[in-house]
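Results of the structural survey
One letter stands for each residue in the lines below.
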Amino acid sequence: MSVVQFEAVGRTFRSGGAEVRALAGVTLQAERGELVAVMGASGSGKTTLLSIAGGLDRADSGRVRVLGEDLGRLSERRLARLRLTAVGFVFQELNLLAELTLEENVALPLEGAGTGRHAARSAARAALARVGLDGTGGRFPDEVSGGQQQRVAIARAVVGDRRLVLADEPTGSLDSDTGAEIMELLRQLCDNGTTVLLSTHNPANADFADRVVHLRDGTLDRIEERAPRTAREDVR
Ligand SMILES: Nc1ncnc2c1ncn2[C@@H]1O[C@H](COP(=O)(O)OP(=O)(O)O)[C@@H](O)[C@H]1O
Ligand SMILES: [Mg+2]
C-alpha cells in the first residue's frame, strides 16, 4: 500500500470570473520510507499538491489515497482525524507559538487529537530527541536558532509516529548549511520509515530524494527516480 497515491488529480480555483488550473492530471506515489521532492517554479502547484495530500484541500478530479483511505470519500470529520493522527505539516515560516515552550509546541497536535497531557508531553520529548534537540523542551522558540526552530517544527510534524510528513519549502528561510542539515534530518526520518513529501525549488534538496516530481503550470513535466544521497553514502 502506497502512503500517498495520486491518480490524475486536478484542482481548479475559481475567483471571480477567472479560473486557475493549479493542478491537472497529476499522477504520483510515495511509499513508506521514501522522500519525494516536488519541484517547480513559483505558481506551478506545489503547495496545492501538498495541501491535497494532507487533506487541507480537496481535489476536484482524479483520486487521492493516503494510507489506503480514498480522501474524496472521507467526511470532513474523518479527514480532520487523519490530519491530526497520521499527517504532519512543516512550513517555510517557522510557525511555532512564541508563548509556548518547545515541548508544549511539539505536544500540541497530540493534545488536539485527544492524547492526555502527560503522555503528549512525554511523546513531545521523544520527538525532540529524534530531531537532535534532547533536553531543550523547556526553552522558548525565541531562545533557539532558526535552524533549531525548524527542527522543532519537524518534531511537531512527526510526534506520536505520524507516518506522512508534508514539508512545504522547509528550508526556504534558512541559510544553505542549515538547510542541508534539515534535509539530512528529513532523510534520516525516511530511513527510519517516515514518508516525506517535500516541495522545494532548491535542486540541492532534491539530492536527498528517492523521486523528484517536476511540475510545470500544474502539470507533471517528468518524474525522476534517484539514488538518494545518504543511501549512496551508506553503500561506501
Ligand atoms: N486559494 C486559491 N485561490 C485562487 N488561486 C489559487 C489558490 N491557491 C493557489 N492558487 C493558484 O494556483 C496556482 C498554484 O499555486 P501554488 O500551489 O501555491 O503554487 P506553488 O506552491 O508552486 O508556488 C497559482 O497560480 C496560484 O495563484
Ligand atoms: Mg508554494
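Residues numbered from 1 in each chain as written. Chains lettered and ligands numbered in written order. Predicted model: local features only at pLDDT ≥ 70, side-chain atom pairs only at ≥ 80, totals over all residues. Heavy atoms only, no water.

Now for the packing of helix 3 (residues 102–112) against helix 5 (residues 146–158). Orientation of helix 3 relative to helix 5, taken along the N-to-C sense of each, is 30°, at an axis distance of 7 Å. Regarding the angle of helix 3 to helix 5, the classification is roughly parallel. For the pair helix 3 and helix 5, the crossing hand works out as right-handed. Residues Leu102, Asn105, Val106 and Pro109 of helix 3 pack against Val152, Ala155 and Arg156 of helix 5. Residues belonging to the contact of helix 3 with helix 5 are distributed by class as follows: five nonpolar, one polar and one charged. (Axes fitted to C-alpha atoms, helices over the stretch in contact; angles between N-to-C directions. Helix = DSSP H or I, 4+ residues; strand = E, 2+ residues; numbered from the N terminus. Parallel < 35°, antiparallel > 145°, perpendicular 65-115°, else oblique. Left-handed = near helix turned anticlockwise from the far one by under 90°. Contact = heavy atoms within 4.5 Å. Nonpolar A, V, L, I, M, F, W, Y, C, P; charged D, E, K, R; others polar.)

Let's shift gears to the nonpolar core. Ranked by size, the top nonpolar core spans 38 residues in total, and within it Leu35, Val106, Ile154, Leu186 and Leu198 carry the most contacts. For this core, the elements supplying multiple residues, two or more each, are strand 3 (35–39), helix 3, helix 4 (117–130), helix 5, strand 7 (164–168), helix 6 (176–191) and strand 8 (195–200). Here Leu198 is in contact with Leu35, Val36, Ala37, Val38, Ala167, Pro170, Met183, Leu186 and Asn205, once residues within four sequence places are set aside. Ranked by size, the runner-up nonpolar core spans 29 residues in total, among them Leu28, Val36, Leu50 and Leu79. (Core = buried A, V, L, I, M, F, W, Y, C linked by side-chain atoms within 4.5 Å. Buried < 20%, exposed > 50% of the residue type's maximum accessible area, 1.4 Å probe, protein only.)

Counted by the stated rule, this structure contains one aromatic pair. Centre to centre, the rings of Phe89 and Phe91 are 6.1 Å apart; their planes meet at 0°, and the pair counts as stacked. Phe91 sits in the partly exposed class, given a relative accessible area of 28%. (Phe/Tyr/Trp six-rings, centres within 6.5 Å; stacked < 30°, edge-to-face > 60°.)

Our next topic: the confidence of the model for the protein. On average, the protein scores 93 in pLDDT, and the residues at 70 or more come to 97%. The spread of mean pLDDT over the elements of the protein runs between helix 8 (residues 229–235), the lowest at 56, and strand 4 (residues 61–66), the highest at 98. (pLDDT = per-residue confidence, 0-100.)

A few words now on the sheet that holds strand 3. Taking strand neighbours across the sheet as the criterion, the six strands line up as 6-7-8-3-9-10 in an open arrangement whose pairing is mixed. For this open sheet the edge positions go to strand 6 (87–90) and strand 10 (219–225), each flanked by a neighbour on one side alone. Put simply, the sheet's adjacent strands are angled 15° from each other on average, direction ignored. In this sheet, strand 7 lies alongside strand 6 in parallel orientation, the contact comprising four bridges. Note that in strand 7 the partner of Val90 across the bridge is Ala167. (Pairing = 2+ DSSP bridges.)

Now for the sheet that holds strand 5 (residues 69–70). The four strands lie next to each other as 2-1-4-5, forming an open sheet whose pairing is antiparallel. Because the sheet does not close on itself, it has two edges, and the strands there are strand 2 (18–30) and strand 5. Packing of helix 1 (residues 46–53) onto the sheet brings it into contact with strand 1 (4–15), strand 2 and strand 4, and relative to strand 1 it is tilted by some 120°.

Lining the immediate environment of ligand 1, one finds Phe13, Val20, Ala22, Ala41, Ser42, Gly43, Ser44, Gly45, Lys46, Thr47 and Thr48. Counting residues per element, the ones that place at least two in the shell around ligand 1 are strand 2 and helix 1. When residues of the shell around ligand 1 are assigned to their parent elements, the largest contribution, three residues, is made by helix 1. Considered class by class, the residues forming the shell around ligand 1 number four nonpolar, six polar and one charged. (Near = heavy atom within 4 Å.)

What follows deals with the pairing of strand 8. Here strand 8 lies mainly inside the structure; six of its six residues are buried. Burial along strand 8 is two-sided: the face carrying Thr195, Leu197 and Ser199 and the face carrying Val196, Leu198 and Thr200 are both buried. As defined by bridge partners, strand 3 adjoins strand 8 across five bridges and the pair is classed as parallel. Residue pairing for strand 8: Met39 is matched across the bridge by Thr200. With respect to chirality, the unit in which strand 7 leads through helix 6 into the neighbouring parallel strand 8 is right-handed. (Right-handed = clockwise from strand over helix to strand, strands pointing away.)

Counted under the stated rule, the structure contains 21 salt bridges. The partner of Glu19 in a salt bridge is Arg14, and the shortest N-O contact between them spans 3.0 Å. Taken as a pair, Glu19 and Arg14 share a single burial class, namely exposed. Across the salt bridge formed by Arg222 and Glu224, the nearest N and O atoms sit 3.7 Å from each other. (Salt bridge = Lys/Arg side-chain N within 4 Å of Asp/Glu carboxyl O.)

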